[in-house]
Amino acid sequence: MKKTLLAASLATALFAQAQAADSLTFGYAAYLFDDKFSTILRNGAEEYAESLGHEMIQVDANNDQGRQIDQVNNFIANGVDAVIIQSVDSSAAQPMTKALAEAGIPVIYVNRKPIPIEQLGDKAAYVASNEIESGTMQTFAMCNQLRAEGKAGGARGYLLMGQLTSEAAIQRTADAEQVMGLDMCNFMTLVAPKTTGQWQRTKAQDIMTNWLSTGEPFDFVIANNDEMAMGVVQALKSAGIDMDTVVIGGVDATDDAIAAMKGGDLDVTVFQNASAQGEGAVDAAIKLLNGEKVDREVYVPFELVVPSNVDQYANRN
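None of these values were measured; they are calculated from a predicted model.

Participant: What should I look at first to understand the overall build of the protein in this one?
Facilitator: The helix and strand inventory of the protein stands at 10 helices and 13 strands. Across the 317 residues that make up the protein, the buried fraction comes to 50%. Restricting to contacts in the protein with at least 6 residues of sequence separation, those with at least 24 account for 75%. Counting every atom, the protein has about 13,900 Å² of accessible surface; 51% of that belongs to carbon and sulfur. For the protein, the separation between the mean place of its 22 positive charges and that of its 41 negative charges on side chains is 4 Å.

Structure, rendered in structure tokens:
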């Protein structure tokens, strides 16, 4: 009996040691905690990692590239197994990539593409959704709605950009401009130069309020993300604007955006699967740690969301 108990205790101890040996520690460097989509993304990655028995340490760069570089260096010094980065500045990722490569630590950039992506080495990858799809889907759907509303003779509007250091903002804006240049959509013109709302609701609300003060008539507002679209909605409703007279589009399909669409305030958004991106980043890191091959770019498809299919996207972001 004693031998049986001893054997059982030894087996339990060995199993615990094996589990501990298999447990990984990921460092997650977020560009900004105070961002709805970023929060869903990083928490989704953490929950998935923990479900696999791993640990994730999150840090907030608070939109400061220098701070993010320091945080990544701290991860290296503390010997984490892999690092996942949502970069502050897409064009300033190289120092982090280089430092992690020299330390032999895999790095997964998530949601924000490092530029140039060709500089990523064998132990690095980028997991996101293909931004060429997002702004294209969004603006084309808005074009079709404006045409259906009889405004193909001329529609005026505004374009709100995200952070200019973000590849997503640059690409979504370029997509929107390209669609507005198509023969069937070139009736869409901008009332004022495109302006950055920094991805933030309050900034977008202030910008929209200033635009309203000019008294210029307009028919649509394209926002690079839903948070800015929500700021636009708040400004218009505060000014007593009839929401049926303006076509508003965002990107991300956040819960707030879905609620706004159900309430008739938002016309178009594009679902970007934050949780799938977070899980994909963890999976890619594990594969690299196991010596498996990972594509340099791993994409999760975007999906168009309009009032006719909005119920399918409730509580997904």
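That shown, we press on.
Participant: What is the right way to read unusual backbone geometry from this model?
Facilitator: It is generally the case that most residues other than glycine have a negative phi and that most peptide bonds are trans. Going from Ile-115 to Pro-116, the amide bond is cis rather than trans, its omega being -5 degrees. Here Pro-116 is to be found in the loop between strand E4 (107-110) and strand E5 (124-128). Residue Asn-63 is not a glycine yet carries a positive backbone phi of 65 degrees. Topologically, Asn-63 is positioned in the loop between strand E2 (55-60) and helix H3 (65-77). If you check the backbone angles, Asp-252 has positive phi at about 130 degrees while not being a glycine. Considering the arrangement of structural elements, one finds Asp-252 in the loop between strand E10 (247-249) and helix H9 (255-262).

Participant: Can you walk me through the confidence of the model for the protein in this structure?
Facilitator: Close reading of the predicted structure is inappropriate where its pLDDT is low. Averaged over every residue, the pLDDT of the protein is 92; residues scoring 70 or more account for 93%. Predicted confidence is poor over residues 1-21, with pLDDT under 50, and the contacts of this stretch with residues over four places away or in other chains come to zero contacts.

Participant: Just to check I follow, could you spell out the state of the cysteines for this structure?
Facilitator: A disulfide bridge is the covalent bond that connects two cysteines by way of their sulfur atoms. Under the counting rule described, the total for this entry stands at one disulfide. Here Cys-143 engages in a disulfide with Cys-185; their sulfurs sit 2.1 Å apart. Taking the sign of the S-S torsion, -95 degrees for the link of Cys-143 and Cys-185, the bridge is left-handed. Separated by 42 residues along the polypeptide, Cys-143 in helix H5 (residues 131-148) and Cys-185 in the loop between helix H6 (167-180) and strand E7 (188-190) bring together distant segments of the chain. Judged on exposure class, the residue Cys-143 and its partner Cys-185 are both buried.

Participant: What exactly am I supposed to notice about the pattern of salt bridges here?
Facilitator: Side chains bearing opposite charge may pair, as long as their charged atoms lie close to each other. This model, assessed by the stated rule, comprises 11 salt bridges. Between Glu-216 and Arg-156 there is a salt bridge; the shortest N-O distance is 2.4 Å. With a gap of 60 residues between them, Glu-216 in the loop between helix H7 (201-213) and strand E9 (220-223) and Arg-156 in strand E6 (residues 155-161) connect regions that are remote in the sequence. We note a salt bridge from Arg-201 to Asp-256, for which the minimum N-O separation is 2.7 Å. Of this pair, Arg-201 sits in helix H7 while Asp-256 sits in helix H9; the two residues are 55 residues apart in sequence, bridging distant segments of the chain.

What counts, and at which threshold
Residues numbered from 1 in each chain as written. Predicted model: local features only at pLDDT ≥ 70, side-chain atom pairs only at ≥ 80, totals over all residues. Heavy atoms only, no water. Helix = DSSP H or I, 4+ residues; strand = E, 2+ residues; numbered from the N terminus. Buried < 20%, exposed > 50% of the residue type's maximum accessible area, 1.4 Å probe, protein only. Contact = heavy atoms within 4.5 Å. Areas by Shrake-Rupley, 256 points an atom, 1.4 Å probe, with all protein chains shown as cover. Lys, Arg positive; Asp, Glu negative; His and termini not counted. Charge placed at Lys NZ, Arg CZ, Asp CG, Glu CD. pLDDT = per-residue confidence, 0-100. Disulfide = S-S within 2.5 Å. Salt bridge = Lys/Arg side-chain N within 4 Å of Asp/Glu carboxyl O.

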